[in-house]
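Descriptive structure summary
Spelled out from the first residue to the last, the chains are:
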Amino acid sequence: MSNVRIEESWKAVLEGEFEQAYFQQIAAFLRREKEAGKIIYPPGSLIFNAFNTTPFQKVKAVILGQDPYHNPGEAMGLCFSVPKGVRIPPSLQNIYKELNADLGLPVPRHGDLTRWAEHGVFLLNAMLTVEQNKPASHHKIGWQSFTDAVIRILSREREGLVFMLWGNFARQKRVLIDGERHLILEAAHPSPLAGGAFSGCRHFSKANEYLKQQGKEPVDWGLEPG
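Read on for an overview of the structure. Bear in mind the structure is a predicted one, so any value in this text is a computation, not a measurement. Residue positions are given per chain, counting from 1 as you read along its sequence in written order. Restriction of local features to residues with pLDDT of at least 70 applies here, the model being predicted, together with a cutoff of 80 or more for giving and counting side-chain atom pairs; totals for whole chains, interfaces and linings are based on all residues. Based on all heavy atoms of the structure, the side-chain values leave hydrogens and waters out of the count.

Once that is clear, we can look at the packing of aromatic side chains. Two rings from Phe, Tyr or Trp (for Trp, the six-membered ring) form a pair when their centres are within 6.5 Å of each other. A pair whose planes differ by under 30 degrees is stacked, one over 60 is edge-to-face, and the rest are tilted. All chains considered together, the criterion is met by 20 aromatic pairs. Measuring from centroid to centroid gives 4.9 Å for Trp 166 and Phe 198, while their planes differ by 70°, and the two rings are edge-to-face. In this pair, Trp 166 is assigned in strand β5 (residues 162-166) and Phe 198 in the loop between β6 (183-187) and α8 (203-213), connecting sequence segments 32 residues apart. The class of Phe 198 is buried, set by a relative accessible area of 2%. Secondary structure counts use DSSP, requiring at least four H or I residues in a row for a helix and at least two E residues in a row for a strand, with both numbered from the N terminus. Burial status follows relative accessibility: with a 1.4 Å probe on protein chains alone, a residue under 20% of its type maximum counts as buried, one over 50% as exposed, and anything between as partly exposed.

This part takes up helix α4 (residues 90-103). Along an α-helix, a turn takes 3.6 residues, which lines up residues three or four apart on a common side. The end-to-end C-alpha separation of α4 is 20 Å, in line with the 20 Å expected for 14 residues at 1.5 Å each. Taken as a whole, α4 has its buried residues at Ser 91, Leu 92, Ile 95, Tyr 96, Glu 98, Leu 99 and Asp 102. End-on, the buried residues of α4 take up no more than an arc of 165°, which puts them together on one face. Opposite the buried face of α4, by more than 90 degrees, sit the exposed residues Lys 97 and Ala 101. On its buried face, α4 sits against α5 (114-118), β5 and α8. After α4 finishes, the residue Gly 104 shows a positive phi value of roughly 75°. Expected span, for any helix, means 1.5 Å times one less than how many residues it has. The directions considered for the arc run from the helix axis to the C-beta atoms. Residue contacts are counted whenever heavy atoms from the two residues lie within 4.5 Å of one another.

Further remarks concern the sheet that holds β6. One open sheet accounts for 4 strands, arranged β3-β2-β5-β6; its pairing is parallel. Sheet topology places β3 (121-125) and β6 at the edges, where each strand pairs with a single neighbour. Between one strand axis and the next, the sheet turns through 20° on average, direction left out of account. Pairing between strands requires that DSSP locate at least two bridges from one strand to the other. Of the strand pairs in this sheet, strand β2 (residues 61-65) and β3 are connected by 5 bridges, and their pairing is parallel. Paired with Leu 64 across the strands is Leu 124, a residue of β3. The axes used here are C-alpha line fits, helices contributing only the stretch in contact, and every angle between their N-to-C directions lies in the interval 0 to 180 degrees. Docked against the sheet, helix α6 (residues 143-157) engages β2, β3 and β5, running at close to 155° with respect to β3.

Structure follows, in structure tokens:
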């Protein structure tokens, strides 16, 4: 990661972070792990997929996740998203149910959220890497220093964004966001472990109502069905 491959508008606003000691430590840690033969997800080319798919000035809404998926073939650098052909995770199934109930959109048969990212939904995990089969294994290597800075910069440099914070971990990030400049939506995590508390939050319609009030194009939350 010494030469970070990240979209140019993000590179410009995050340049100072890449020079920080903590970021150099992240890069050194990942190099050591790979040299030791450990398998890291997502693949190196997808670590900054959320940034590369949603340029800084195109962000309309932010959905915050925690870790990349730690099973083979799942993590793709967009929170909650898995490639087509991979089983849809339970949390994403519940997100789709809420999307259908809220906006009447059909439930997709795949878990690839790239189209959301292309339409301005910044799908950011707080940790950008994980070791195979070891959830939360990279929680303490410095990623949160980086992603907290990303959230602060979005809050400070942009106006009228929607931050969707699902679950207790994401809700802790509220302190990084200026609630006077942006809409903060909070809900239970969509995981089945939350006992269905995510259901009925109507975050998708609330986000679009706010964006229209800001004079912005609402997000097209539709996903290709197959």
